[in-house]
Structures are given as C-alpha cells and as structure tokens.
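# Tertiary structure, described
Here is how the chains run, residue by residue.
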Amino acid sequence: MACRIAAPALRHAARRSKGAARVAACSSRSFGSLASTGTSSQVEQAGASSTPQTGSRPQHGQRKQVVRMTTEEAFVKTLQMHGIKNSFGIIGSAMMPISDLFPAAGIKFWDCAHEYTAGMMADGYTRSSGQMSMMIAQNGPGITNFVTPVKTAYWNHTPLLLVTPQAANKTIGQGGFQEVEQMAMFKDCVCYQEEVRDPTRICEVLNRVIEKAIRCSAPAQINIPRDMWTQVVEIALPTGVKIERSAGGQQSIKKAAELLSGARFPVILNGAGVILSGATDVSAKLAEKLSAPVCCNYQHNDAFPGDHPLHAGPLGYNGSKAAMELISKADVILALGTRLNPFSTLPGYGIDYWPKDAKLIQVDINGDRIGLTKPVDVGLEGDARLTAEAILAELSEDAGNLGREARKELVREKKAAWAKELEGMDHEDDDEGTTWNQRARAAHPQRMSPRIAWRAIRRAMPEDAIMSSDIGNNCAIGNAYPSFKQTRKYLSPGLFGPCGYGFPSILGAKVANPGVPVVGFAGDGAFGISVNELTACGRNDWPGVTMVVFRNYQWGAEKRNTTLWYSDNFVGTELNVGVEYAKMAEACGLKGIKVETVEELEKAIADAVDGQMKRNETTLIEVVLNQELGEPFRRDAMKAPVEICKVQASDMVE
C-alpha cells in the first residue's frame, strides 16, 4: 500500500530513492494510524491509493492493516502515533536513516554540544511539559555519554524514549568501530529495554518500549543494530495496549481512610507522583478536609501550591524548618506518590524530625518501593491522584475534627516563625572548632553571601517562571526559598545527584514552554560540566533562556567536607579564578553580565527575562559570591579519618 506524498516531502522522497527502495513514500502529515479495511494479513497492491488518518494515537484494541514500507518509515510512523515531536542528541551515521525523515515528519532534532547535556535537556523538556521526548545519538561513544542523564531521568521518574543505534549484527562481537554492549550499560538505568532482532518487529518493539516508559514513568530503551535500517517490510502498525491505572486495593483504601479519619495530627507528604498524576488539587482537598499540613518531598518544591494556607514547604536537606517541625508531631502520615528515599528525610537544622511512632500510609505506583525505606502500616500500589480521590471518598464525616483548630493555628505559627527566621538568615554557621565561614566573610566583606543572593532572586523571579537547579553548595542552600503555585515548575537534579543539570534542563524546559519565562541556576563547578552548551544554544532556532551562575571559585560541597573532617587539607576543591563565564557567553554570541551586588542581581534577572521573552535572548548572569559554605550534604556518611600507618612522600618509588 502506498501513501500519498505531500509537496514538502517530495524532496526527501526523491533523494532517498537513490538508496534503499522507498516503497511507501509518506508526507509529513500522513504518519498516523491507517484505516483498516480487512485483516492484518491483507496487503494492497503497489500503487493503490489510500488516505491515512492524520494525527491519530494508537487505536487500542483495533486491528491494523498490513503496510509495505521501509523500517525507518515504520519507526517514524510509530513515533508520530505517540506524539513524540522532539529529539535531543548529536547526529551520527547510525541514526541518519530516521533523522532524514524527521523534517518531513514534523519531528524536531535539537543538535546539542554533548550527549550528556542532551539527555538532561530531554529530562527538562518532559518534566516541564508532561510530553515524552527522545534521546538519540551515534552508537558507541555517543551512546555511552547518555548513561548519567538516563539514570538521572530514572530517579526523576521521567518517561523518556532512549534510542540506541547499535553496531551492525554482521560485525558485532568482533570489537569493531564504535562497538560496546549498550544493553548491559543501561540495564540499571531504565525500566525496560529491548533490542530489535528482526526488521519486521521494529514497530512492535518501539511501541512496547514507549508504552513501558509511560506505564512505569521512567526511561525505556530500544536498541537497534544499524543494519536493521533501509529494509523493506510488510507489517501492521501497532495497536497499543491500554492498561488503566488503579487506586490500589479497596481494603487498603478503607484502612488508610480510617487511620486518617481518626488522626490527632495528620500530615500529608507529597512526592513526585503527585506532580506526574496531576494530583495537587485532590491532595489540597484532602488537606482541607483534614486540616492537615502538606510537606513537599525533597527537591519537589512544586508538589503543592506554595500559596495554600496548609503548605508547609520542603523536607530534606536545607528545607523548611516549619515542615520538619510539623511532620515531627504527626501521628498519621499520608506519603502520597513518593518512594520515601532515605536521603529525603535525614535530620536538618539539628532536628531529627521523622516521627518514630507515626502510622505511615505509603502510596506509590511501583509496589516494589513500598516499605523499602520505612515501616509501612498501609501500602497502596496505585496512581497518586486516583488513590487520593478514593481515600477522600472514604473519609468519615467528622474526619479532621479532632484538634482541628489547634492544628491550623500551629501551622500558621510554625510557618510565620520560619519565614521570619529565613528572612533573617544572612550567613552560614561554623561547626564548633572550625572557622572557615568566618574567614570567608572577612576575606571578602563586600561580596554577597549565598543567602543574600537567594533572597534577591526570590524577589526578582517572575511568578510563572520555570526554574532549574543543580547539585552543589550554593544551589543546595537555596532549597528553602522557592515555592510555586503550579506543578512542573521546579527542575531539580534529583536523587542521582548529577552535576551539570541546571543549564541543559532549563534549555529543554524552554523548548517545551516557549511562552513561559525560564531561569536556570548552577554553581560554577557544576556549570563547568555543561558549559559547552553555550556553543549550541545560540544557533538556529534555539529559544532564549536566562542562566544564573554562582561564582565562588570552589567546589563548595567538597570544600565543606574538607573543613569539617579533613582539617582544611583542600585537594581538588579550587576553581580557576581567571575564568570569566559572562565573557565566554559573549564569545558564543550570547549576552553575558557579571554582577556583584543585590541591586545589580535583581536588575540583571529582570532585564534578562525581558530580553528572553521579547527578543529571544539568552543571557548568562555571573553572580560573584563570598566563599561561605552551608550544611554538608552527607553529615550522616562522613567522619574524620584516623591515622594508623603514616603515609609520606619519601615512600614513593621513583
């Protein structure tokens, strides 16, 4: 069966006919589901005319007509059926058969400077929009650069399509050019992976990989030996399998509702699942019914509206003291859409706040994670929104009445006290016996501290902006400051903890949300890992972004560890003071500005966002700070070394 060629695709069809036979030439609007006129085994004669449906999703439960086409056409048709319009990576020969079809198919390929950052862009795109994107690159060294961003997306619960072209079957195993075991490499980084073993199965495998990514809310991998391309096949496009999500077991729903209905001090802890399922409004109804404060899990500051009276703020490292103090009083906790990562509830500000005797209801779409880190009284394997709705419907009429007014008053008191304390926190404390922060202030008394800078940023940020963050001391200090009225506004690096996330993720977010202001943040160490994207993001039709780089000339988190446990024996912690990031941006054709005062910082953000939205400008703001260091990341995992057998340079063999 042949598809009609629309005018925009004629050029591509003519060029490709010189290679493998292009049996079914397809227009940029004709890669949808095909109308079925018979059984899946029927094949129309070549040259017969038909008009495929356009813009169709997989038609679940319906048989599809067998179509004669090339494997790359089949691949792109399947992408279109799932609405995958954006791809991030670097071009390579092993993917060219499908990338050649991208323009005609309406798929945008964003050519990045490095695959590492391309993967982070895909994560930012999908997290900020809820729309799946694709990562693709050259087999071997191109694909190896995806490992860190794919694992990052895995723990960010981001449904992404990872396409890994592979060395050809004919030579694989011989140690040929750009050959590596790509399936083994991603085994622990994806929720599902499958290799195409036969050209006729390319649609089937791709469709299954996409559906697994959506179902498991994680990256999934399709591995394709490059000699699978340019094959002519007769196959039916996939119909898909729609599996409806559930709210969990009915008995468990009733038990959870009973616990919450009788609670003296119920607390709700919202995780990523609330964002992914669109459950913030339902969790708000639950909170209001129970007068329960709502905490956000670590790095998910946008999991509950920040302007809601029951919003308590984020738990975890440098989070909200109000949230910590409130959850410490809980007798029942509803952990909604969270795996309860152990790092997310570590003590903070000297408060070991997780209540040891509270009843815990844990809701997660992945049952394997329920009860993994904390004892659970009721476990619910289900969609966060559906589960919250089911619990709400089962609550007793008088649920929340026990101690309601006193609880609401305590929420107000704790929030007000923390807001006042946070506003007055200008500097970082030194542990007893250490003086680094005192010395840092004395060395550069004119420079802003991280907290003074974060307060200025909070004042200057547009209310509707999407914000990204990075791993590192200065960004970590900022965890307590941002809150959001809507979800999908906060792109943190997540619990895999990769440096170099802030810049590429905000680029991906802008691609997905061109009409929304976006502002990224990173320390100078982490930014150095993604700085090469300055060479890419100013070309062609890349949208403008605003990027803030904190410049304190050090790897701050590691330096803090050194001050506390290694007697200021700084190894590998110092950055080049001669590097000028703002000038680097200008050299790449972008705008760059260096600021040193609160007034300059606030004006720079306002001007940069104005330029971003009105003139499509990308601006890098280099913010000079003092070298104060905040709370260490892993106080729980560090201790001072003990010398047993002295190590000395004189023992080195020449």
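Just above sits the structure.
Everything in this summary refers to the structure shown in the same document. The structure presented is a predicted model; accordingly, all values stated were derived computationally and were not measured.

### Overview of the overall build of the protein
For the protein, the helix and strand inventory stands at 23 helices and 20 strands. Relative to its length of 654 residues, the protein is compact, with a C-alpha radius of gyration of 27 Å against a globular reference of 26 Å. Taking the principal axes of its C-alpha atoms as reference, the protein extends roughly 80 × 70 × 60 Å. Within the protein, the proportion of its 654 residues that are buried is 57%. At a minimum sequence separation of 6, the contacts of the protein that also span at least 24 residues come to 78%. When the accessible surface of the protein is totalled, it reaches about 26,700 Å², and 50% of it is carbon and sulfur. A gap of 5 Å separates the mean positions of the 71 positive and 72 negative side-chain charges of the protein.

### Side note on the packing of helix α12 (residues 280-290) against helix α14 (residues 384-394)
For the pair α12 and α14, interaxial distance at closest approach is 9 Å and the crossing angle is 25°. Judged on the interaxial angle alone, α14 and α12 are roughly parallel. Considering the relative orientation of α12 and α14, their crossing is left-handed. Two secondary-structure elements touch here, α12 through Asp281, Val282, Lys285, Leu286 and Lys289 and α14 through Arg385, Ala388, Glu389, Ile391 and Leu392. For the contact of α12 with α14, the class distribution of residues is five nonpolar, no polar and five charged.

### Observations regarding the pattern of salt bridges
Across all of its chains, the model carries 41 salt bridges by this definition. When the shortest N-O distance is used, the salt bridge between Lys151 and Asp188 registers 3.3 Å. Remark: Asp188 occurs in the loop between α8 (182-185) and β6 (192-195) and Lys151 occurs in helix α7 (residues 147-155); sequence separation between them is 37 residues. Classification of Asp188 by relative accessible area gives exposed; the value is 56%. In this structure, Arg551 and Asp524 form a salt bridge, with 2.8 Å as the shortest nitrogen-oxygen distance. Of this pair, Arg551 sits in strand β18 (residues 546-551) while Asp524 is found in helix α20 (residues 524-530), placing the two residues 27 residues apart along the sequence. The residues Arg551 and Asp524 share a single accessibility class, namely buried. Residues joined by salt bridges that share partners form a network here, namely Lys591, Asp610, Lys614, Arg615 and Glu617.

### Some remarks on the sheet that holds strand β3 (residues 108-111)
Hydrogen bonds between backbone groups are what pair the strands of a sheet, and the pairing can be parallel or antiparallel. With parallel pairing, the six strands of this open sheet are ordered in space as β3-β2-β4-β5-β7-β6. Across the chains shown, the open sheet's two edge strands, defined by having one partner strand only, are β3 and β6. Going from strand to strand, the sheet's axes swing by 20° on average, the running direction of each strand aside. Pairing between strand β4 (residues 134-136) and strand β5 (residues 161-166): three bridges, direction parallel. Counterpart to Met135 in the pairing with β5 is Leu162.

### Let's talk about the side chain of Asn270
Within the secondary structure, Asn270 is located in strand β9 (residues 266-270). Taking relative accessible area as the criterion, Asn270 reaches 0% and is therefore assigned buried.

### Comments concerning the sheet that holds strand β15 (residues 466-468)
Read across the open sheet, the six strands follow the order β16-β15-β17-β18-β20-β19; overall the sheet is parallel. Each end of this open sheet is capped by a strand with a single partner; those strands are β16 (490-491) and β19 (591-595). Here strand β17 (residues 518-523) runs beside β18; their pairing, made up of five bridges, is parallel. Its bridge partner being in β18, Ala522 is matched across the sheet by Val549.

### Focus on the packing of aromatic side chains
Going through the model one piece at a time under the given rule, you end up with 16 aromatic pairs. For the ring pair Phe75 and Trp229, a centre distance of 5.4 Å and an interplane angle of 85° mean the geometry is edge-to-face. Remark: Trp229 occurs in the loop between β7 (220-225) and β8 (232-236) and Phe75 occurs in helix α2 (residues 71-81); sequence separation between them is 154 residues. The residues Phe75 and Trp229 share a single accessibility class, namely buried. The interplanar angle of 35° and the centroid separation of 4.5 Å between the aromatic rings of Tyr317 and Phe633 together place this pair among those described as tilted. Here Tyr317, found in the loop between β11 (311-314) and α13 (321-327), pairs with Phe633, found in the segment after β20 (619-624); they are 316 residues apart in sequence, far enough to count as distant. The buried category is assigned to Tyr317, whose relative accessible area is 9%. One aromatic cluster is present, built from ring pairs that chain together Tyr298, Tyr317, Phe343 and Phe633. Over the aromatic face of Trp354 sits the side chain of Lys374, whose NZ or CZ is 4.6 Å from the ring centroid.

### Some words on the nonpolar core
Of all hydrophobic cores here, the largest spans 43 residues; its most connected members are Phe88, Phe146, Val150, Phe186, Phe503, Phe527 and Leu534. Of all the elements in the fold, those that place two or more residues in this core are α5 (115-129), α7, α19 (502-512), β17, β18 and α22 (581-587). Ranked by residues supplied to this core, first place goes to α5 with six residues. Setting aside residues no more than four positions away along its own chain, Phe186 makes contact with Ile143, Phe146, Val147, Val150, Leu162, Thr164, Gln193 and Gln221.

### What about the pairing of β9?
For β9, a buried count of five out of five residues is recorded, marking the element as mostly surrounded by other parts of the structure. Where burial is concerned, the two faces of β9 agree: the one with Pro266, Ile268 and Asn270 and the one with Val267 and Leu269 are both buried. Bridge analysis of β9 against strand β12 (residues 332-336) gives five bridges, and the strand direction is parallel. Opposite Leu269, over in β12, you have Ala335 as the bridge partner. Sheet topology note: the β9/strand β10 (residues 294-296) ladder contains three bridges and is parallel. Within β10, the residue paired with Asn270 across the bridge is Cys296.

### Notes on the pairing of β12
Along any regular strand, the residues point their side chains to alternate faces of the sheet. For β12, the buried fraction is high: five of the five residues fall into the buried class. Taking every second residue as pointing to the same face, both faces of β12 are buried, with Val332, Leu334 and Leu336 on one and Ile333 and Ala335 on the other. Note that β12 and strand β13 (residues 359-364) share five bridges and pair parallel. Within β13, the position partnered with Ala335 by the bridge is Gln362.

### Brief notes about the packing of helix α10 (residues 250-261) against α14
α14 packs onto α10 with a crossing angle of 60° between their chain directions and a minimal axis gap of 8 Å. It follows that α10 is oblique to α14 by the angle criterion. You can see that α10 and α14 cross each other, and the crossing is right-handed. Two secondary-structure elements touch here, α10 through Gln250, Ile253, Lys254, Ala256, Ala257 and Leu260 and α14 through Thr387, Ala390, Ile391 and Glu394. Its residues placed into classes, the contact of α10 with α14 shows six nonpolar, two polar and two charged.

Basis of the calculations
- Residues numbered from 1 in each chain as written.
- Predicted model: local features only at pLDDT ≥ 70, side-chain atom pairs only at ≥ 80, totals over all residues.
- Heavy atoms only, no water.
- Helix = DSSP H or I, 4+ residues; strand = E, 2+ residues; numbered from the N terminus.
- Rg over C-alpha atoms; globule rule 2.2 N^0.38 Å.
- Buried < 20%, exposed > 50% of the residue type's maximum accessible area, 1.4 Å probe, protein only.
- Contact = heavy atoms within 4.5 Å.
- Areas by Shrake-Rupley, 256 points an atom, 1.4 Å probe, with all protein chains shown as cover.
- Lys, Arg positive; Asp, Glu negative; His and termini not counted.
- Charge placed at Lys NZ, Arg CZ, Asp CG, Glu CD.
- Axes fitted to C-alpha atoms, helices over the stretch in contact; angles between N-to-C directions.
- Parallel < 35°, antiparallel > 145°, perpendicular 65-115°, else oblique.
- Left-handed = near helix turned anticlockwise from the far one by under 90°.
- Nonpolar A, V, L, I, M, F, W, Y, C, P; charged D, E, K, R; others polar.
- Salt bridge = Lys/Arg side-chain N within 4 Å of Asp/Glu carboxyl O.
- Pairing = 2+ DSSP bridges.
- Phe/Tyr/Trp six-rings, centres within 6.5 Å; stacked < 30°, edge-to-face > 60°.
- Lys NZ or Arg CZ within 6 Å of the ring centre and 35° of its normal.
- Core = buried A, V, L, I, M, F, W, Y, C linked by side-chain atoms within 4.5 Å.

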